[in-house]
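Next come the chains, spelled out residue by residue.
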Amino acid sequence: MALRLRIPNSQSGHRLRSRILLALLAVFLVAGVTGISIFAYFYVKYEGIVDERLKQPIFASTAQIYAAPREVRPGQKLSVNWIANELHEAGYSGDGAPQASPMGTYSEGVQQITVQPGPQSYHAPDSATIHVSGGVVDSITDAHGQQLSSYELEPLLITGLSEGAQRTKRRLLTYDEIPPNLVEAVIAIEDRRFFEHGGIDYWRILGAMRNDIFHLHRYTEGASTLTQQLARGFFLTPERTYSRKAREAIISIILEHRFDKKQIFAMYANEIPLGQIGSFSIDGFGEASQDYFGKDVNQLDLAECALLAGLIQSPSRLNPFHHPERAIERRNLVLDSMVETGAITKDEAETAKSERLHLVSSSVDESEAPYFVDLVHDQLTQRLGDRDFNREGLRIYTSLDPDLQRLATQAVDATVHVVDEQVDLVHARDKRLGKPYVYPQVALIALDPHTGQVLALVGGRSYGTSQVNHAVAHRPTGSIFKPFVYAAAFETAVEGTILPGQTALFSPVTMLSDDNPTTYDEGTPNEYTPHNFINEHYGTMTARYALMRSDNIATISLASMVGFDRVAALARAAGVKSAQGTPSMPIGSYDATPLDMAGAYTIYANGGVHIDPWMLASVRTPTGDVVEDYTPTTRQVLDPRVAYLTTNMMEAVMNGGTAASARSFGFTAPAAGKTGTDHDAWFAGFTSNLICIVWVGNDDYTALDPENLGRVQGSRAAAPIWAAFMKQAVMLPQYSDTNEFTPPDGVQIITLDTNTNLLADASCPNDYTAAFLDGTAPTDTCDHKGVMNSDDHRNIFQKIFGIGKPSN
């Protein structure tokens, strides 16, 4: 049987093909219209989102924090070049600048420099000329040639306030402020067709797909353009989904229609995250340039530009502080990419590759005073209320001295290991058994005793580790409280009141005893019986020696004579607000912050006048208009004679008492001070122009030395930090004029015999000096018969053969 096949004729085949083509065309038309409709829908939708976002400033104009103005005085060791650099850093323009800076201008000569503040300056527009000879300021004259005793330069920028809870820091740049090498480096490594594509680089997408399919990795670029990265950072979450990619593409196209390429690049340069410094996120090249290299972005060289561009890929993994080898490898890859794009020559790339990393040596703690800035932020909130002072871009002028802040941070960093070693000894058994224990925290305050200006503030070991500010943490004050007891006693002498149990007005040689501790009733079921530190006893001694040895029992005995309430009232007037008139109060059982204690000690260093510590000087608009100025609060708390008499006793503590360890660490300038040891360790000391308080303690309020063996004391834990800081501080030009403390009228400096505490004469070669209120000094001389020295604690054989040295 034969098969017959029916073959359509050519005409029917043509009709079939036509139908198929028409169907496909219809499908494509429907798909196209649908696609366009969907795109149009989402374009309009995200255009609205973009518009809503762009109604606000793209970046917050954060408030800027400025240091105190630096004072220039005749006699200081400064050069014309140094002053010019200081002014340039403050935003002044020099000779030859295209246009005058609104902040101010300066004109350099060979041996002089003329400073002219501008309309936006912190200072009044009064010019001055600083004359320098041989590297020393010779004189300062105003515009009329009149001599000036000093002149203040423009305050320097410390930092900007961080943005929001994310603690983001950035310094905004315009496109013209970005160095060309940095632009070329970013384009070479991130988006070589940036200035050609319309937001999406389709060729790069195809190339990335090819690389994924064939596992090729010779290209260093990703698939996302700079515009897409910007869209992702501004409007989208970092989730990795196809829908997010689609939204990113649409927003990129919208941005390309709204902004030109320079604007997009500037937004990208300010938005891109470039790492973490301490607890702060570093966004943008302006901030990264400062944090990594300590310079403005326009001062970056080729190698530095390449390094910053390289960080974009993975800021944490490539962090040059933590992973320098990785950072250099990535930098060199960027340089090779720049050669490929023709931005630089191969020789320029090789020269840049040979450059070592020149990272800024200072930490955030050192350069940006983060604990200080946090307190400034808190005070601004208290004083300006709900006003959004950060977004207004206000200029905040403060009390900070950047030089002292740097020294304070370095002192803590360099000496905290001394504290840790002592803690290791205390916990040696725990260490052997593998039991955990913590190392203590630290705070340091430096204050101008005559102005109350907080010059430096360190609130902890490391801001990146802990943002708890221990400078304002309330802690028991320990023995640094004791000078208030002796000051209150001197007040009774000024009033002419003889203390109970005494036969004369109080003076440094008033005799006290720690032989028979008194049991006190503090109004609670428990009675209070004081003890000396590690149960030392000195018997009968002078008041001067009692303070030198920080004798608890003798000090409480004196406070009971003066009146506990009176001592507490004096302490409260000086700023120790918690003090109450109880028997434990004289040895520092009530708490105060290190900042409080710095303010409290101004009454000794400032002639009895208390000045509240302050950090805020002025708040101004971005154009320099005053929003609010602040003045410190002062009040007379002590008679100037009492302030000096107490200071003189603390000089003895510094030179031969519990605070003498500061001398052993190399500090030699005239100073007075007091150690403190309770749960915590303290050192409070001051010169004629600088107060410094150091505190060391545990966050959980446990004792540094729980067995009270004397291993961790103020003299061993806090004194090394204090001495390390003060040794360097008094070498700075602005603090080098440290002088002896000057007695006021009504006070005599008397030389006494060490053995008898009577007036010294030629027959008594061992002597010391002490300050007395007029009319209270001994009148008998040391050869007066029948007078024995109750401060001489040597045994009979030592006295006969002259062995040892008596205490006074």
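To be clear, the structure that these remarks concern was listed above.
Criteria and cut-off values
Residues numbered from 1 in each chain as written. Predicted model: local features only at pLDDT ≥ 70, side-chain atom pairs only at ≥ 80, totals over all residues. Heavy atoms only, no water. Pairing = 2+ DSSP bridges. Helix = DSSP H or I, 4+ residues; strand = E, 2+ residues; numbered from the N terminus. Axes fitted to C-alpha atoms, helices over the stretch in contact; angles between N-to-C directions. Buried < 20%, exposed > 50% of the residue type's maximum accessible area, 1.4 Å probe, protein only. Contact = heavy atoms within 4.5 Å. Polar contact = N/O pair within 3.5 Å; in protein donor to acceptor, adjacent residues only side chain to side chain. Left-handed = near helix turned anticlockwise from the far one by under 90°. Nonpolar A, V, L, I, M, F, W, Y, C, P; charged D, E, K, R; others polar. Phe/Tyr/Trp six-rings, centres within 6.5 Å; stacked < 30°, edge-to-face > 60°. Lys NZ or Arg CZ within 6 Å of the ring centre and 35° of its normal.

1. Structural notes on the sheet that holds strand β5 (residues 128-133)
And then number 1: The strand order across the open sheet built from four strands is β3-β4-β5-β6, with neighbouring strands paired in antiparallel fashion. Each edge of the sheet is formed by a strand with only one pairing partner; in this case those strands are β3 (104-108) and β6 (136-142). Across the sheet, the axes of successive neighbouring strands diverge by a mean angle of 20°, strand direction being ignored.
And then number 2: Relative to β6, β5 runs antiparallel, the two sharing six bridges.

2. Details of helix α9 (residues 302-311)
And then number 1: Of all ten residues that make up α9, ten are buried, and the element is covered over most of its length.
And then number 2: Tucked inside the fold, the buried residues of α9 contact α3 (180-190), β10 (273-277), α8 (285-293), α10 (324-341) and α11 (346-353).
And then number 3: Capping the start of α9, D301 holds a side-chain oxygen 3.2 Å from the backbone nitrogen of A303, two or three residues further along.

3. A look at the packing of α8 against α9
And then number 1: Relative orientation of the contacting elements α8 and α9 amounts to 115°, with a least axis distance of 11 Å. Seen from above, α8 lies across α9 with right-handed handedness. Here α8 contributes F285, A288, S289, Y292 and F293 to the contact with α9, which in turn contributes E304, L307, L308, A309 and L311.
And then number 2: The residue makeup of the contact of α8 with α9, split by class, is eight nonpolar, one polar and one charged.

4. Let's talk about the packing of aromatic side chains
The geometry of an aromatic ring pair is captured by two quantities: the separation of the ring centres and the angle between the planes.
And then number 1: Applying the stated rule across the entire model yields 17 aromatic pairs.
And then number 2: Ring plane angle 35° and centroid distance 4.4 Å describe the contact between Y122 and Y397, whose orientation is recorded as tilted. Of this pair, Y122 sits in the loop between β4 (112-117) and β5 while Y397 sits in strand β12 (residues 395-398), and the two are 275 residues apart along the sequence.
And then number 3: Given a relative accessible area of 17%, Y122 falls into the buried group.
And then number 4: A relative accessible area of 1% means that Y397 is categorised as buried.
And then number 5: With a centroid separation of 5.6 Å and an interplanar angle of 45°, the aromatic rings of F484 and Y604 are classed as tilted. Linking F484 in helix α16 (residues 483-495) with Y604 in helix α21 (residues 602-605), this pair joins segments that are 120 residues apart in sequence. Across the pair, Y604 and F484 agree in class, each one buried.
And then number 6: A network of ring pairs unites the aromatic residues F481, F484, Y601, Y604, F686 and F741 as a single cluster.
And then number 7: In this structure, R383 packs its charged tip against the face of Y630, placed 4.5 Å from the ring centre.
And then number 8: Sitting over the face of the ring of Y701, R475 holds its NZ or CZ atom 3.8 Å from the ring centroid.

Everything listed is a geometric property; what it means functionally is a separate question.
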